[in-house]
Amino acid sequence: QVQLVESGGGLVQTGDSLRLSCAASGLTFSQYVMGWFRQAPGKDREFMAGITRNGISTSYKDSCKGRFTISRDNAKNTVYLQMNSLKPEDTAVYYCAASPSRVTIPKDPPGYGSWGQGTQVTVSS
């Protein structure tokens, strides 16, 4: 049974940083592309960042390029999202997800088969 457990969310102020973690179990972690999505109230779930199985290639939503960094540690079965210079519009529930894609990083939710429960990030102005 695949489990993805996010942690690291919280309430911060504009300009602050947070590092989200997602611990995976029940899958061969190194064989999955990993992604981070977020969903704000009343909005669709949107792709924020993804990383290939070996961690060499990454992909980001334009609005977070230069502020967010995705990384992974295959030895620890964990993927991270470092978020800097946070803005109120970054407020959302953040989800990690695992994709069986061999090479490409899917940008849409249907490309991912397993999801975590989400962690709330709130950025106050």
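Conventions used here
Residues numbered from 1 in each chain as written. Predicted model: local features only at pLDDT ≥ 70, side-chain atom pairs only at ≥ 80, totals over all residues. Heavy atoms only, no water. Phe/Tyr/Trp six-rings, centres within 6.5 Å; stacked < 30°, edge-to-face > 60°. Lys NZ or Arg CZ within 6 Å of the ring centre and 35° of its normal. Disulfide = S-S within 2.5 Å. Helix = DSSP H or I, 4+ residues; strand = E, 2+ residues; numbered from the N terminus. Buried < 20%, exposed > 50% of the residue type's maximum accessible area, 1.4 Å probe, protein only. Salt bridge = Lys/Arg side-chain N within 4 Å of Asp/Glu carboxyl O. Pairing = 2+ DSSP bridges. Axes fitted to C-alpha atoms, helices over the stretch in contact; angles between N-to-C directions. Polar contact = N/O pair within 3.5 Å; in protein donor to acceptor, adjacent residues only side chain to side chain. Core = buried A, V, L, I, M, F, W, Y, C linked by side-chain atoms within 4.5 Å. Contact = heavy atoms within 4.5 Å.

Description of the packing of aromatic side chains
Link 1 in the chain: Within the structure shown, the criterion is met by four aromatic pairs.
Link 2 in the chain: Between Arg45 and the ring centre of Tyr95, over which it is positioned, the NZ or CZ distance is 3.7 Å.

Examining the state of the cysteines
Link 1 in the chain: Here the structure, examined in full by the defined rule, presents one disulfide.
Link 2 in the chain: The disulfide that involves Cys22 links it to Cys96, with 1.9 Å between the sulfurs. Torsion about the S-S bond of the Cys22 and Cys96 cystine: about 40°, corresponding to right-handed handedness. Within this pair, whereas Cys22 is found in strand E3 (residues 18-25), its partner Cys96 is found in strand E9 (residues 92-99), the two being separated by 74 residues in sequence.
Link 3 in the chain: Given a relative accessible area of 0%, Cys22 falls into the buried group.
Link 4 in the chain: Take Cys64: it sits in no disulfide, and the sulfur closest to it among the cysteines is that of Cys96, at 16 Å.
Link 5 in the chain: Here Cys64 falls in the buried class, since its relative accessible area comes to 0%.

What about the pattern of salt bridges?
Link 1 in the chain: The tally for this structure, following the rule as stated, stands at five salt bridges.
Link 2 in the chain: Measuring nitrogen to oxygen at the nearest pair gives 2.9 Å for the salt bridge that ties Asp90 to Arg38. Residue Asp90 is located in the loop between strand E8 (78-83) and E9, and its partner Arg38 is located in strand E4 (residues 33-39); the two are separated by 52 residues in the primary sequence.
Link 3 in the chain: What makes Asp90 buried here is its relative accessible area of 1%.
Link 4 in the chain: For the salt bridge of Arg67 with Asp90, the shortest nitrogen-to-oxygen distance reads 2.7 Å. Of this pair, Arg67 sits in the loop between strand E6 (58-60) and strand E7 (68-73) while Asp90 sits in the loop between E8 and E9, and the two are 23 residues apart along the sequence.
Link 5 in the chain: Look at the salt bridges and you will find they share partners, linking Arg38, Glu46, Lys61, Arg67 and Asp90 into a network.

Section: the sheet that holds strand E1 (residues 3-7)
Link 1 in the chain: Spatial ordering of the open sheet is given by E1-E3-E8-E7, a layout of four strands whose pairing is antiparallel. Single-partner strands in this sheet number two, and they are E1 and E7. With strand direction ignored, the average angle separating the axes of adjacent strands in the sheet is 15°.
Link 2 in the chain: Direction of pairing for E1 relative to E3: antiparallel, over a ladder of five bridges. Among the inter-strand pairings, Glu6 is bridged to a residue of E3, identified as Cys22.

Observations concerning the side chain of Thr52
Link 1 in the chain: As for its position among the elements, Thr52 is in the loop between strand E5 (46-51) and E6.
Link 2 in the chain: The exposure class of Thr52 is buried, given its relative accessible area of 10%.
Link 3 in the chain: A distance of 3.5 Å separates a polar atom in the side chain of Thr52 from the backbone nitrogen of Ile56.

With respect to the nonpolar core
Link 1 in the chain: Counting 27 residues, the largest nonpolar core has Trp36, Phe68, Ile70, Val79, Leu81, Met83 and Tyr94 as the members making the most contacts within it.
Link 2 in the chain: At the level of secondary structure, the elements contributing two or more residues to this core comprise E3, E4, E5, E7, E8, E9 and strand E11 (119-124).
Link 3 in the chain: When neighbours within four sequence positions are excluded, Met83 is seen to be in contact with Asp16, Ser17, Leu18, Leu20, Arg67, Phe68, Tyr94 and Val121.
Link 4 in the chain: Residues Phe47, Ala97, Ile105 and Tyr112 belong to the second largest nonpolar core, which totals six residues.

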